[in-house]
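These are the residues of each chain, in order.
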Amino acid sequence: MIVTKDLTKQYGNFIAVDKVNLNIQPGEIYGFLGPNGAGKTSTIMMLLGIISPTSGEIELFGERYTPSRLDLRKRIGVVPEKHPVGMWAWMTAVEYLKFFADMFVVENAEDRIMNLLSQVNLADVANKKISEFSRGMLQKLSIVRALLHDPDILFLDEPISGLDPIGIKQVRDLIISENREGRTIFVSSHLLSEMEKICHRVAIIFRGKLMAEDRMDKLLLKLSRDREIHIDLEEIPEGIVENIRKLDFVIDVSTEKNRLKIKVPKEGDYRKNLSEFLIKRNLIPIQLKERSISLEEAFVTITQDNVEMLAGVGGEA
Amino acid sequence: MNYRLNSTGAIAKRKIFETFISPGFYIALSIGLLLGYFVIGGFVDSIDSSGLNYSLNSIYELIARSLSGAFGETFVIKLFAEGPYLFALFVSFIPFLFYLAISSVFKFGFEKKVGALELITYGPADGTSYFLASFVKDMVFTLIYLMVLLVFFFVSALINNLVLGPMFFYTTVMMIFLSFAFYGYGVVSSVLTDTASSAIALFLGIALFFLIIQMGSFTIVSGYVRNLSTVLAWIIKWISPVFYLDLGMSSIGYGNVPMYLLSMLLLLVLTGGLLLISHLILKVRGVRV
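Given the structure is predicted, the values throughout are model-derived calculations rather than measurements.

### Some thoughts on the environment of Ala-126 of chain A
Residue and element names in this part refer to chain A.
Next up, step 1: Looking at the secondary structure, you find Ala-126 in the loop between α4 (109-119) and α5 (135-147).
Next up, step 2: When its relative accessible area of 3% is taken as the criterion, Ala-126 is described as buried.
Next up, step 3: Distance from Ala-126 to Ile-15, taken between C-alpha atoms, is 44 Å for residues 111 residues apart in sequence.

### Some thoughts on the packing of helix α12 (residues 241-253) of chain B against helix α13 (residues 257-285) of chain B
Residue and element names in this part refer to chain B.
Next up, step 1: Put simply, α12 and α13 touch, their axes get as near as 8 Å, and they point 165° apart. Viewed along their axes, α12 and α13 adopt a mutual orientation that is roughly antiparallel. Considering only the axes of α12 and α13, their crossing is left-handed. Taking contact as the criterion, the partners of Pro-241, Tyr-244, Leu-247, Gly-248, Ser-251 and Ile-252 in α12 are, on α13, Met-259, Tyr-260, Ser-263, Leu-266, Leu-267 and Leu-270.
Next up, step 2: Grouping the constituent residues of the contact of α12 with α13 by class yields nine nonpolar, three polar and no charged.

### Some words on the pattern of salt bridges
Next up, step 1: Here the structure, examined in full by the defined rule, presents 22 salt bridges over all chains.
Next up, step 2: A salt bridge links Arg-271 of chain A to Asp-269 of chain A; the nearest nitrogen and oxygen atoms lie 2.7 Å apart.
Next up, step 3: Judged by its relative accessible area of 42%, Asp-269 of chain A falls in the partly exposed class.
Next up, step 4: For Lys-137 of chain B, the salt bridge is made with Asp-138 of chain B, and the minimal N-O distance between the two is 3.1 Å. Taken as a pair, Lys-137 of chain B and Asp-138 of chain B share a single burial class, namely buried.
Next up, step 5: One continuous salt-bridge network, built from bridges that share partners, spans Glu-63, Arg-69 and Asp-71 of chain A.

### Concerning the packing of helix α7 (residues 127-160) of chain B against α13 of chain B
Residue and element names in this part refer to chain B.
Next up, step 1: Viewed as axis vectors pointing N to C, α7 and α13 meet at an angle of 150°, and their least axial separation amounts to 9 Å. With respect to α13, the axis of α7 lies roughly antiparallel. Where α7 crosses over α13, the handedness of that crossing is right-handed. Counted together, Gly-127, Thr-128, Phe-131, Leu-132 and Phe-135 of α7 and Thr-271, Leu-275, Ser-278, His-279 and Leu-282 of α13 form the full contact between these two elements.
Next up, step 2: Partitioned by chemical class, the residues of the contact of α7 with α13 number five nonpolar, five polar and no charged.

### Remarks on the pairing of strand β14 (residues 259-265) of chain A
Residue and element names in this part refer to chain A.
Next up, step 1: In this sheet, β14 lies alongside strand β12 (residues 226-232) in antiparallel orientation, the contact comprising seven bridges. Pairing of Arg-227 across the sheet is with Val-264, part of β14.
Next up, step 2: Following strand β13 (residues 252-256), the chain reverses through two residues before pairing antiparallel with β14; Lys-257 in that reversal takes a positive phi of roughly 55°.

About the thresholds
Residues numbered from 1 in each chain as written. Chains lettered and ligands numbered in written order. Predicted model: local features only at pLDDT ≥ 70, side-chain atom pairs only at ≥ 80, totals over all residues. Heavy atoms only, no water. Helix = DSSP H or I, 4+ residues; strand = E, 2+ residues; numbered from the N terminus. Buried < 20%, exposed > 50% of the residue type's maximum accessible area, 1.4 Å probe, protein only. Axes fitted to C-alpha atoms, helices over the stretch in contact; angles between N-to-C directions. Parallel < 35°, antiparallel > 145°, perpendicular 65-115°, else oblique. Left-handed = near helix turned anticlockwise from the far one by under 90°. Contact = heavy atoms within 4.5 Å. Nonpolar A, V, L, I, M, F, W, Y, C, P; charged D, E, K, R; others polar. Salt bridge = Lys/Arg side-chain N within 4 Å of Asp/Glu carboxyl O. Pairing = 2+ DSSP bridges.

Put into structure tokens, the structure is as follows:
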């Protein structure tokens, strides 16, 4: 759906985006992560046709995309991080949405507007001036505006920033339900725990370079140094920790109450070996689970700890 | 479908509605009519049995002296040859033209600063759609304003037993094209700058520069200006809306209608050129501050 080839943006001598190759598949929720100043905004602005790349290409819906391709822009919906009130301050939510419906030539605009406003619980304030809207209400209104023309792809920049827990859940549910209906979602956020909940694939950009792009589970696996297997027993017999430590694939063992925490290499699955080892000793595992690293940990790893080492992790960098 | 045209239409529709319901237009209209009323009233008060006598009205005397000093006595005689309406047209219309141009320049800068312009361009629109819409809105309100002025002047002419002469009508048409060119310069000022205040300063600077150059051709320094910068002055005059206004009015004075029409055509070409330049500048600079 969106493919970039060596996408580069240079401001004077500063390279903001350096030969970035993205590949966003139809129907997926694609997370785009990066710390401030990593080149995230420049990349998104190029994808939206707001700024032109210095070099490289963008392919959108199978066609070469340039800022002048207004026909392709019509197929995109955008929710910016901050919703500017500007010229619309004096308008009601419905008037505001009608203005955009006019621009996008939306058929049966009034029905669609009311339907979408109901989905985000804004139907009651449809005739309220948007200058009186709270940040959360503006964010939801912005999502409604972006969905008004039924876009093929929805860009969301920090969609839940500044929302209360209920608002976060509503927006999250809306993103998931829109995706289930087949809409491709491109989401950029610094709230990594939320990204982990909704994204199918993520890309991490750092210092203008794409450090990694993969499925969420694969990426987390790639970025974890070791695996940690947690086994809960009724009680931990004496000497068992030392015996487990002697196993050739075990890196380290520790305990926490009735839980064994066993570190193993990230390559390979050792859960079966450990189960068999314990059963042979008449120890029944009450619970066995593998603890994977969180996206937040992966993000920190990639952006702080091992920049040089990880330059090749994603393969696409 | 032409997406730019469609989005320009949608934005223009909204801007026209917005201007209609805001007090700014009505205040500017009232001030313009009031200024026109004073000019006409002063003219009527300055008429005695021997004809027009500026000294009968202190404001008129001051105006006539100032204009004679700046442009010469012949200019003043020509200006009032058909009565007060030609001068009233200038006095009523020019402030409105500046009000409309400056408010559009301000809005462009403001919308750019708050990111509203960028939000529009996420859809099937670009910066050009926005400034074209703004330009269309200015055109519409210029025409509305001139129509109101015409009605007002016509009624006052009937009441005061005066006439609206041919020079007045020719100049009124000329004013439409003159305003388009000024709005064009407003757009150029907007796209060249990052803030509303710098855009307004640039626009006023450009307008003042053209007025000074044009006034220079009437006054004592005209010879100096002409001799000092033969090439520069030649270039400047072709990009000055005031030069075309002067050319058109002079042509009518000589009865040269084709030259009058040509001056309006050249104003249109100048406006088109300014909008094209603005489009190209926006393509390079974008709508982000």
